[in-house]
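Descriptive analysis of the structure
Below, each chain spelled out in residue letters.
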Amino acid sequence: MIHVKVPATSANLGPGFDCLGLALQLYNTISVEPNRPFQISLTGSYYEGIPADESNLVWQTMCHLWELLHYPTPSVALTLENLIAPSRGLGSSSAAIVGGLVAANTLAGSPYTKFELLQVANDLEGHPDNVTPALYGGVTLSVPAKDGISPRVLAQSPNLKAVVLIPNTLLNTEKARGILPLHVTRNDAVFNISHVGLLIEAFIREDYSLLQEGMRDVLHQNQRAILLPGMLETLESALKGGAYGSALSGSGPTLIALVAESTQKAVSQNMLTTLEQYGVTAQAMVLEIDSCGATSSRT
Ligand code: HSE
C-alpha cells in the first residue's frame, strides 16, 4: 500500500500574484492499494460533492501521469482523506493534482524527479504558486524560466505561524480571476515588484518586521474585496492584533496572517470578530509551516 501526504498551501502572500506561496501543516492523504478492483473511498472533513468515480481529480491526474510515462493503468483502490477545505483558497485542487502525481509516480517506481512532476502539475493547474510549495514545502517562489518553472525555496522552516480564517462560503478561482483586469499600470507593476523584493528579503534575512509592508499588494486584493464583505477590514484587524503581515490566501475567500506564537490568539480573535461584524462566519486555525512538501511511503 502507498500513502501520500500532501499539504495545504497559501498562494500570492499579497503581492506575489501567481508566483509566491507557502505550505501549511494541514494535509490531504491518498492511500493506494494496488491489485484491487477500482474503487474510490472518500473520508475526512470534506467529501460532499467530490466525485468517487473516474472523474475524480486525483484519479484523473494519476491516469494522466501513467499516460505520459507509457505505464499501463493499474487497477487500484483509492482512499482519499480530505482535511483541506475545498474552494477556499487553500490549494485543495493543487493538493489533488500533486498528490495524484506523487502517488502515480511512486506506483510506477518513481521515474520522474520532483522537478519533472512540478512541470506536469503546473501544466494541469495553470499557475504554479500552489503546486510548488505543495511539492517542496516551505515558502517558495515559482519562476517561469526558459526550461520550465524553476522552484526557489526561500525559507524551508521559517520561524512563524499562520492564522488562517476560513469563511463558510465557497469561492471559485475562475470567478476570482475573472474580475481582475487583464492589464495593469506601470505604477502598480512597480509597486508589486518592489514589494515582492521586500517580502523575499524578509524571509531570507528572517526579518519578519518587513512583512507588514512586504505583504501589501495593489494588483488583486482590493479588486477582490467585493467578493468577501469585510475582507480589507479583517486583514487590517490582524495587523492591529500584532500580526507580522496579512493577505488574501490565493484567490480567497480564506484570509491568512503570519504571526509569532505570542500574537496568534489576539490575531485570530480580532480577525474572527471583525469578519463576523460583516455577517460572515468563519473557522480560525493556527497552523505551522510545512517544511517537507508532499511525501510518500509504502507499508
Ligand atoms: N494566484 C492565483 C490567484 C490563485 O490569485 O488567482 C492560486 O493559484
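Residues numbered from 1 in each chain as written. Predicted model: local features only at pLDDT ≥ 70, side-chain atom pairs only at ≥ 80, totals over all residues. Heavy atoms only, no water.

This next bit is on the overall build of the chain. Counting secondary structure elements, the chain contains ten helices and eleven strands. Against the 2.2 N^0.38 benchmark of 19 Å for 299 residues, the chain shows a C-alpha radius of gyration of 19 Å, consistent with a compact globule. Seen through its C-alpha atoms, the chain measures out along the principal axes to roughly 55 × 40 × 35 Å. The buried share of the chain, taken over its 299 residues, is 53%. Within the chain, residue pairs in contact and separated by at least 24 positions form 73% of the contacts whose partners lie at least 6 positions apart. Only carbon and sulfur atoms are counted for the fraction: they give 51% of the accessible area of the chain, which is about 13,100 Å². (Helix = DSSP H or I, 4+ residues; strand = E, 2+ residues; numbered from the N terminus. Rg over C-alpha atoms; globule rule 2.2 N^0.38 Å. Buried < 20%, exposed > 50% of the residue type's maximum accessible area, 1.4 Å probe, protein only. Contact = heavy atoms within 4.5 Å. Areas by Shrake-Rupley, 256 points an atom, 1.4 Å probe, with all protein chains shown as cover.)

Attention shifts here to the environment of S94. For S94, the position within the fold is in helix α2 (residues 92-107). Sequence separation between S94 and I149 is 55 residues, and the spatial gap between their C-alpha atoms is 15 Å. In this view, S94 contacts G99, E125, N130 and V131; residues no more than four positions away in its chain are not counted.

In the vicinity of the ligand, the contacting residues are A11, N12, F17, D18, H127, D129, N130, R177, R224, G250 and S251. R177 is positioned with one of its side-chain polar atoms (N or O) 2.7 Å from an oxygen atom of the ligand. With respect to the ligand, the side chain of R224 contributes an N or O atom lying 2.8 Å from an oxygen atom. When the free accessible area of the ligand is taken as 260 Å², the share hidden by the protein chains comes to 97%. (Near = heavy atom within 4 Å. Polar contact = N/O pair within 3.5 Å; in protein donor to acceptor, adjacent residues only side chain to side chain.)

Before going further, it helps to spend a moment on the environment of A176. Here A176 lies in helix α5 (residues 173-178). For A176, a relative accessible area of 0% puts it in the buried group. A C-alpha to C-alpha distance of 23 Å links A176 and N56, two positions 120 residues apart in sequence. Beyond its immediate stretch of four places on either side in the chain, A176 contacts L171, R224, L227 and S251.

Read these as geometric descriptors, not functional statements.
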